[in-house]
Amino acid sequence: RPTAKRTDIGFENGHAKWASATAAVTLDSLNGHAEAARGRLEFAADGTTQNAVLEGAVRLVADGRGGDAEKVVEQTSRHLWKLTGSSQQSARVTSAGSKLSADAIEIDRDGQTVRGQGRARAVFSPDGQKKVRLTGFVGDPKKPTYGKADLIVLEDATKKGTLSGSASLWQDDSSLFADDITLSDIDRTVRATGGVRSVMSPAR
């Protein structure tokens, strides 16, 4: 259900085909809530929305996650959200204290997967909701762990995280660098490949 100060609607064969909204745009659905400066919706023959494009200081809450981006595209048929940042601000997604920022982020609702690509940064915090937390690979398991890479993929179903391309992971004085790093919150393992360097300091 979209609302805005101004909405233009395009019709085809007597049915609404699209809607373009500007100024104080909000979009409410069964999956969540979004706010933006402007937006555009496409409608199916039965009147339901097929896709949504929101632009300008977009704020999104969906499936227990919050997001901020310059542009958000929802592909309804694929149950996919695409968040794109601006030249000044990366796209950001938060979930139960953990955070992911990148030039572009995809949220696959069916696969319960979040992908951050381009200057990806992450903060993995302890999580009571059983989503990916990936903390305590070294040091204190109650403290957050920080990571960065060209690409970061978080899989809630398998509780795995993959950092690819100039990957690094650190907590306090302990750090791990490699081409690729894979973490499993179930197995409590960390696997690093390619140019591996590490500094492991004992927990206080």
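Per chain, the residues get numbers from 1 upward, laid out in the order the sequence is written. In keeping with the model being predicted, local features are shown solely for residues with a pLDDT of at least 70 and side-chain atom pairs are shown and tallied solely at 80 or more, while totals for entire chains, interfaces and linings include all residues. Hydrogen atoms and water are omitted, and side-chain values are computed over all heavy atoms in the structure.

Sorry if this is basic, but what is going on with the overall build of the chain here?
Across its full length, the chain holds zero helices and 16 strands. When accessible area is computed with a 1.4 Å probe and restricted to protein chains, residues below 20% of their type maximum are described as buried, those above 50% as exposed, and intermediate ones as partly exposed. Taking all 204 residues of the chain together, 36% fall into the buried category. Any two residues whose heavy atoms approach within 4.5 Å are treated as being in contact. Restricting to contacts in the chain with at least 6 residues of sequence separation, those with at least 24 account for 36%. With the model as given, the accessible surface of the chain reaches about 11100 Å², and the carbon-plus-sulfur share is 48%. Each helix is a run of H or I in the DSSP string that is no shorter than four residues. Each strand is a run of E no shorter than two, and both are numbered from the N terminus. The Shrake-Rupley method, run with a 1.4 Å probe sphere, supplies the accessible areas, and residue values consider only the shown protein chains as cover.

What is the right way to look at the pairing of strand β8 (residues 91–95) in this model?
Regular strands show a simple pattern: their side chains alternate between the two faces of the sheet. What you see with β8 is a clean split: A91, V93 and S95 sit on the buried side and R92 and T94 on the side with no burial. When strand β6 (residues 65–75) meets β8, the two strands line up antiparallel, connected through three bridges. Bridge pairing links D68 to R92 in β8. Any two strands are treated as partners once DSSP identifies two or more bridges connecting them. Here five bridges tie β8 to strand β9 (residues 98–102), and the two strands are oriented antiparallel to one another. Residue pairing for β9: T94 is matched across the bridge by K99.

I tried to follow the pairing of strand β15 (residues 189–193) on my own but got confused; where do I start?
Here strand β14 (residues 174–184) runs beside β15; their pairing, made up of five bridges, is antiparallel. Bridge pairing links S184 to T189 in β15. Connecting the antiparallel pair β14 and β15 is a turn made up of four residues, with R188 showing a positive phi of about 55°.

Help me understand empty space enclosed by the protein, please; the structure alone is not making it clear to me.
Empty space among the atoms can be located by rolling a probe the size of a water molecule over them. A 1.4 Å probe that fits but cannot get out identifies a cavity on a 1 Å grid over protein atoms alone, an open set with protein on both sides within 12 Å along at least five of seven lines counts as a pocket, and a residue lines either if it has an atom within 4 Å of a point. Grid points are joined across faces, edges and corners, and a volume is the space filled by probe spheres set on the points. Taken as a whole and judged by the stated rule, the model has three cavities of 30 Å³ or more. In terms of lining, the second largest cavity is formed by P2, T7, A19, A21, V25, L27, G39, R40, L41, V53 and L54. At the level of elements, β3 (15–29), β4 (32–43) and β5 (49–62) are the ones that each hand at least two residues to the lining of the second largest cavity. The biggest single contributor to the lining of the second largest cavity is β3, with four residues. Nonpolar residues are Ala, Val, Leu, Ile, Met, Phe, Trp, Tyr, Cys and Pro. Charged residues are Asp, Glu, Lys and Arg, and all others, Gly as well, are polar. The residue inventory of the lining of the second largest cavity, partitioned by class, reads eight nonpolar, two polar and one charged.

Just to check I follow, could you spell out the layout of surface pockets for this structure?
As a volume, the largest pocket reaches approximately 250 Å³. Every residue lining the largest pocket is counted, 20 residues in all, and those nearest its centre are D28, S29, N31, T49 and E74. Among the secondary structure elements, those contributing two or more residues to the lining of the largest pocket are β3, β4 and β5. Here the residues of the lining of the largest pocket sort into eight nonpolar, eight polar and four charged.

What should I look at first to understand the nonpolar core in this one?
The tendency in soluble globular proteins is for nonpolar side chains to be buried side by side. Working definition of a nonpolar core: buried Ala, Val, Leu, Ile, Met, Phe, Trp, Tyr and Cys residues. They are joined through side-chain atoms within 4.5 Å. In terms of nonpolar packing, the biggest core is built from 37 residues, with L83, I105, I152, L163 and I181 touching the most fellow members. Beyond its immediate chain neighbours, meaning those up to four positions away, I181 contacts G161, T162, L163, A167, S168, L169, L176, V190, R191 and A192.

Which parts of the structure should I look at to understand unusual backbone geometry?
Where the residue is not glycine, phi is negative for most of them; where a peptide bond is considered, it is trans in most cases. Not every positive phi belongs to a glycine, and A23 is a case in point at roughly 70°. Along the polypeptide, A23 turns up in strand β3. Notably, R188 is not glycine yet its phi reads approximately 55°, a positive angle. Its location among the elements puts R188 in the loop between β14 and β15. Given the relative accessible area of 43%, R188 is considered partly exposed.

Just checking my understanding: could you explain the pattern of salt bridges for this structure?
Pairs can form between side chains of opposite charge once their charged atoms are near each other. Here, a salt bridge means any side-chain nitrogen of Lys or Arg that lies within 4 Å of a carboxyl oxygen of Asp or Glu. Enumeration according to the criterion identifies seven salt bridges in this entry. Among the salt bridges present, the one from R65 reaches D156, with a minimum N-O distance of 2.3 Å. Here D156 lies in the loop between β12 (145–155) and β13 (160–171) and R65 lies in strand β6, a separation of 91 residues in the sequence. For the pair formed by R65 and D156, the shared burial category is buried.

Got a minute to help me understand the side chain of S101 in this structure?
Within the secondary structure, S101 is located in strand β9. Ignoring sequence-local partners within four residues, the contact set of S101 consists of S90, A91, R92, R119, A120 and R121.

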